[in-house]
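Now for the letters of each chain:
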Amino acid sequence: MIGRREPYIRANCLFGFDDLVHSSGGDLHTLADQAGLPREAFSNPDILISWPRQGIFCELAAQELGRPNFGLDHAFSLPNTYPTAGAAIFLSQITHTFEEWLDACERYARYYTNAWVPLLIRDGGPFAYVRLLKDPLAKSPRQQTEGLVATFYRMARTVIDATDEKAHLIRFRHARPCDTQPHEALFDCPVEFEAAHNELVFPHEYLNRPTNGRLAGLEPLLDLYLRYRIAKMPLYDQSVAATVAAGIPIVLNTSLCNLEYFAVSLGLSPKKLQRLLQQENTSFSAILDKVRESLACEMLETTDVPISNICGLLGYTALPAFNLAFKRWIGVAPSIYREFNRRKEKDCDS
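Let us look at the structure shown here. (Residues numbered from 1 in each chain as written. Predicted model: local features only at pLDDT ≥ 70, side-chain atom pairs only at ≥ 80, totals over all residues. Heavy atoms only, no water.)

1. A closer look at the overall build of the chain
Counting secondary structure elements, the chain contains 16 helices and 7 strands. Here the C-alpha atoms of the chain give a radius of gyration of 21 Å, agreeing with the 20 Å that 2.2 N^0.38 yields for 350 residues. Along the first, second and third principal axes, the C-alpha atoms of the chain reach 55 × 55 × 40 Å. Out of the 350 residues in the chain, the part that is buried amounts to 54%. Long-range pairs, those at least 24 residues apart, make up 67% of the contacts in the chain with a sequence separation of at least 6. Just so you have it, the chain exposes about 15800 Å², and 52% of that area is on carbon and sulfur atoms. Across the chain, the mean location of the 36 positive side-chain charges is 5 Å away from that of the 41 negative side-chain charges. (Helix = DSSP H or I, 4+ residues; strand = E, 2+ residues; numbered from the N terminus. Rg over C-alpha atoms; globule rule 2.2 N^0.38 Å. Buried < 20%, exposed > 50% of the residue type's maximum accessible area, 1.4 Å probe, protein only. Contact = heavy atoms within 4.5 Å. Areas by Shrake-Rupley, 256 points an atom, 1.4 Å probe, with all protein chains shown as cover. Lys, Arg positive; Asp, Glu negative; His and termini not counted. Charge placed at Lys NZ, Arg CZ, Asp CG, Glu CD.)

Structure, rendered in structure tokens:
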């Protein structure tokens, strides 16, 4: 159970951990149990998990698997589609410059997690900074921090198609490890430890570099992501509706959550997608509504995350709109539903 003030993150941040653990001879579920992470988190990327417990998992994996750079190993084992990063990689398709993409990532991250946010700092000098600010309660250990910074670094290079370009400097707040050669080799730039902030420092002119910024790139991107999602599903009926439903959670609370985006991503015209859904006796809005209902109930039942945060995670701009939708789905307000489930749990335990 995630407490009301406990830092959380979407479980899709765990993508790739299973392969890395298994390839190192470890047992994923044993490590998850020791860290206090639900086993379901590795098969259901939509649930919310504890950020501190994810950090404990990374440290345990580093120790028990004999991988002193587990965080870096995980970050650099990921494909360029980055299922770990929520909608961030998709946002590169609707922004035009690196600066626009960084600003979009900051807005999106505030819903994806309450543990950290990437803040772009422009001080008028020759360099710009992406500072990964964390909640005071989100005291991340080394492996988790290095994995986060490395993932963001790789993703940033991907969206601007950087080949020769690299950061000016990478900074970490934690103490210098005994061996820093892996850090310098992977980041290909100087790395500073015991710094004031965890941040990426890069030439200011990179902010004007173009991102993909074209909808044509969405089709292979979403296809790869859907393959990942569908592989995690216990049942998949191969319908168009099921395919759309699988993709919706990743783009909730972004401007991408609409019929037009999914049509282009699936290589269809909006009218064609609409007709296909009608043939299955549904519509995009009906599927979106059902996905939101399912996610809302899951989060209310399994976490104490504030309802206002759940509202934002589901793409509602205001709490009253979410309350009205939830009453339409379930018949009661979200707060009453949560309290009812808490009482039911206590009765079962007693």
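2. Considering unusual backbone geometry
The bulk of non-glycine residues show a negative phi, and the bulk of peptide bonds are trans. Positive phi is not limited to glycine here, since E194 has a value of about 55°. Within the secondary structure, E194 sits in the loop between β6 (191-192) and β7 (199-203). Note on E194: relative accessible area 61%, which makes it exposed. In the Ramachandran plot, N253 falls in the positive-phi region, its phi being about 60° despite a non-glycine side chain.

3. Examining the pairing of strand β3 (residues 116-122)
Along any regular strand the residues' side chains alternate between the sheet's two faces. As defined by bridge partners, β3 adjoins strand β4 (residues 127-134) across 7 bridges and the pair is classed as antiparallel. Residue pairing for β4: W116 is matched across the bridge by K134. Where β3 hands over to β4, the hairpin turn is made up of 4 residues, of which G124 adopts a positive phi near 85°. (Pairing = 2+ DSSP bridges.)

4. A closer look at the sheet that holds β3
A sheet is described by the order of its strands in space; here 5 strands give the open sequence β3-β4-β7-β5-β6, paired in mixed fashion. Of all the strands in the sheet, just β3 and β6 have a single pairing partner and so form its edges. Here β4 pairs with β7 via 5 bridges, running antiparallel. Counted as the bridge partner of V130 is L200 from β7. In this fold helix α6 (residues 98-112) packs onto β3, β4 and β7, with an angle of close to 150° to the strand it touches most, β3. (Axes fitted to C-alpha atoms, helices over the stretch in contact; angles between N-to-C directions.)

5. Quick look at helix α7 (residues 142-159)
Its 18 residues place the ends of α7 26 Å apart at the C-alpha level, agreeing with the 26 Å of an ideal helix rising 1.5 Å per residue. In terms of burial, α7 is a largely internal element, 15 of the 18 residues being buried. (Expected span 1.5 Å × (residues − 1).)

6. Concerning the pattern of salt bridges
Within the structure shown, the criterion is met by 17 salt bridges. Residue D46 pairs with R10 through a salt bridge whose shortest N-O separation is 3.5 Å. In this pair, D46 is assigned in the loop between α2 (28-35) and β2 (48-50) and R10 in strand β1 (residues 8-10), connecting sequence segments 36 residues apart. When the shortest N-O distance is used, the salt bridge between R122 and D103 registers 3.2 Å. On the criterion of sequence distance, the pair formed by R122 in strand β3 and D103 in helix α6 is long-range, its members being 19 residues apart. Several salt bridges share partner residues, and in doing so they unite R131, R171, E192 and E199 into one network. (Salt bridge = Lys/Arg side-chain N within 4 Å of Asp/Glu carboxyl O.)

7. Notes on the state of the cysteines
Inspection of the entire model under this criterion finds 0 disulfides. Counting only cysteine sulfurs, C13 is the nearest neighbor of C58, a cysteine outside any disulfide, at a range of 8.2 Å. The thiol of C297 is not disulfide-bonded; the next cysteine sulfur, from C311, is found 15 Å away. (Disulfide = S-S within 2.5 Å.)

8. Topic: the nonpolar core
In terms of nonpolar packing, the biggest core is built from 113 residues, with F57, F98, W101, I170, F187, I248 and F322 touching the most fellow members. Excluding its chain neighbours within four sequence positions, the residues that come into contact with I248 are C257, F262, F284, I287, L288 and V291. (Core = buried A, V, L, I, M, F, W, Y, C linked by side-chain atoms within 4.5 Å.)

9. Let's talk about the side chain of R154
By secondary structure assignment, the location of R154 is in helix α7. For the buried R154, which has no salt bridge, the nearest side chain bearing the opposite charge is D73, at an N-O separation of 11 Å. Contact partners of R154, with chain neighbours within four places excluded, come to A75, F76, S77, L78, N80 and Y82.

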